[in-house]
Amino acid sequence: MTDSLVSDDTMQCHSSSMIFDIDFHPQRDFVAAALVDGAVELWQHPSVASVNQQEAPAKVLVMRHHAKSCRGLSFDVSGSGLYTGSSDLSVVAVDSSGEVAWRMDNAHTSPINCIRSGPTGTFFSGDDDGVLKVWDIRQKNAVLSFNLHKDFISDITFNENYTRAVTASGDGTISILNLRQGKPMKTTEMFEDDQLSVLLMKNDKKVVTGTQSGVLNIWSWGKWEEITDRITGHPQSVQTMLKYDEDTLLTGSSDGIVRIVGMHPNKLLGMIGEHEEDFPIEKIALSRDRLLVGSISHDDCIKFWDVRSMTDVKNRNNGRNFTMGNSGDNDESDDDDDMDSDDEMVGDESSSSSSSSSSSSNSSSSSNRRSSSSSSLSIGSSISFKKNGGKKGSGRGGDSGFFDDL
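In this report, the structure presented in the accompanying data block is examined. (Residues numbered from 1 in each chain as written. Predicted model: local features only at pLDDT ≥ 70, side-chain atom pairs only at ≥ 80, totals over all residues. Heavy atoms only, no water.)

1. Notes on the environment of Thr-120
Of note, Thr-120 is situated in the loop between strand S10 (112-117) and strand S11 (122-127). Sequence spacing of Thr-120 and Gly-81 is 39 residues, and the spatial spacing of their C-alpha atoms is 9.4 Å. Excluding residues within four positions of it along the chain, Thr-120 makes contact with Asp-76, Val-77, Ser-78 and Arg-138. (Helix = DSSP H or I, 4+ residues; strand = E, 2+ residues; numbered from the N terminus. Contact = heavy atoms within 4.5 Å.)

2. Considering the sheet that holds strand S17 (residues 183-187)
With antiparallel pairing, 4 strands are arranged side by side in an open sheet as S14-S15-S16-S17. Looking at strand neighbours, the two that pair on one side only are strand S14 (153-158) and S17, the edges of this open sheet. When strand polarity is set aside, the average angle formed by the axes of neighbouring strands in this sheet is 25 degrees. The sheet contact formed by strand S15 (residues 164-169) and strand S16 (residues 174-178) spans 5 bridges and is antiparallel. From the neighbouring strand, Arg-164 faces S16, where its bridge partner is Asn-178. (Pairing = 2+ DSSP bridges. Axes fitted to C-alpha atoms, helices over the stretch in contact; angles between N-to-C directions.)

3. Structural notes on the side chain of Thr-163
Relative to the elements of secondary structure, Thr-163 occurs in the loop between S14 and S15. Here Asn-161 takes part through its side chain, which lies 3.0 Å from a polar atom of the side chain of Thr-163. (Polar contact = N/O pair within 3.5 Å; in protein donor to acceptor, adjacent residues only side chain to side chain.)

4. Some remarks on the environment of Val-208
For Val-208, the location among the structural elements is in strand S19 (residues 206-211). Assessed through its relative accessible area of 1%, Val-208 is described here as buried. Separated by 10 residues in the primary sequence, Val-208 and Val-198 place their C-alpha atoms 5.6 Å from one another. Among all residues touching Val-208, those that are not within four sequence positions of it are Ser-197, Val-198, Leu-199, Met-201, Leu-216, Asn-217, Ile-218, Met-241 and Met-263. (Buried < 20%, exposed > 50% of the residue type's maximum accessible area, 1.4 Å probe, protein only.)

5. Section: the state of the cysteines
For the coordinates displayed, the defined rule picks out 0 disulfides. There is no disulfide at Cys-301, and the cysteine sulfur nearest it, in Cys-13, is 6.8 Å away. Classification of Cys-301 as buried rests on a relative accessible area of 3%. (Disulfide = S-S within 2.5 Å.)

6. A look at the sheet that holds strand S6 (residues 70-75)
Two strands in a sheet stick together by hydrogen bonds in their backbones, pointing the same way (parallel) or opposite ways (antiparallel). As summarised here, the arrangement of the 4 strands in space is S6-S7-S8-S9, forming an open sheet in which the pairing is antiparallel. Looking at strand neighbours, the two that pair on one side only are S6 and strand S9 (100-104), the edges of this open sheet. The average angle at which neighbouring strand axes cross in this sheet is 15 degrees, direction not considered. Relative to strand S8 (residues 91-94), strand S7 (residues 82-86) is paired through 4 bridges, and the arrangement is antiparallel. Note on S8: the bridge partner recorded for Thr-84 is Val-92.

7. As for the packing of aromatic side chains
Two numbers describe a pair of aromatic rings. These are the distance of the centres and the angle of the planes. By the definition in use, this model includes 9 aromatic pairs. On the numbers, 5.2 Å between centres and 50 degrees between planes, the contact of Phe-158 with Tyr-162 is tilted. Taking the relative accessible area as the measure of exposure, Tyr-162 reaches 23% and is therefore partly exposed. Residues Trp-221 and Trp-224 carry aromatic rings whose centres are separated by 5.0 Å and whose planes lie at 80 degrees to one another, so their mutual orientation is edge-to-face. Look at Trp-221 and you get buried, because its relative accessible area is 1%. Aromatic rings pair up to connect Tyr-83, Trp-102, Phe-123 and Trp-135 into one cluster. A cation sits over an aromatic face here: Arg-290 above Tyr-244, 4.8 Å from the ring centre. (Phe/Tyr/Trp six-rings, centres within 6.5 Å; stacked < 30°, edge-to-face > 60°. Lys NZ or Arg CZ within 6 Å of the ring centre and 35° of its normal.)

Take it as geometry only, folks, not as evidence of what the structure does.
In structure tokens:
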């Protein structure tokens, strides 16, 4: 018998328009939302401890510094700023007072699709033509530029010390970069499936991608010629993923379900929750205290899921249920040989050109409706919140953070 912790009384937190991206602040209880109308909203969300009192979040700030849709955002790893990118081709750095500290118009030649923060003061932007740029706001310019893919860059992930990066693309490839040397090292062969999301797992020894078909592809680091394993079971595309720990990841699928997936053994461990209307999950993110998962879909709602019980569910499940098919082996050895050193990686000369570019093309995320729902264990308490009238509030937790003056 499985536990269900999903609340029957679902509250909702509504933004002013459809949301493209969200990110949690690394030190304070804030979540930022990138909107289709170009605005960026900052919400102060309740801590998990206050959820039982159904304390609603407060919208503390609305920023309007993009002329077209804001399609990606990311807080600086230090929490000192926020980076945003838009289909109007601009990138913007917002400082801790909520003001634009720096912006670059025409930062790309095609719409920007993905923003990820790097080391403090730097961020990465990927566009619809497969160009990746690395920005240093202290130098107020792009310090690296790579023409990596033939189609939009859907996601970017890094190892812990930011010496390596992996990008996923709608052209069916992933690219591996040596950031220490400032050059691409390898682009995989082109698969029929769009690669829509990417993570580094198992202490950076495995690369996992979510695809248009719903299959999770797994590469062993340094062995890019072939996929070493696959995890099947998602009935539709996997648009977004996040790492919960080295052995567990969360996925957001076009069937509207946020799932828990274990690696080695490869199993579907359960489900966090489900969006109504069968809307596809576009982005999931984890709060600073790792107790809340936020998710967005094709609407104006941010949902928050209480995941305090996830570890207990993993332990109780213990691999007995929800086994997912996979076409590869479940090798748990993860030899150190899988992780090539930077110097040993074979570079791809043809892929190391800087950005030059072309006509803009609009990336399209999957809008498939759910055709079937897998039987899963629900462990997430839905604690999405009702719209608040926009009252300001002070942050909770952490010694420093974003918008301290509010």
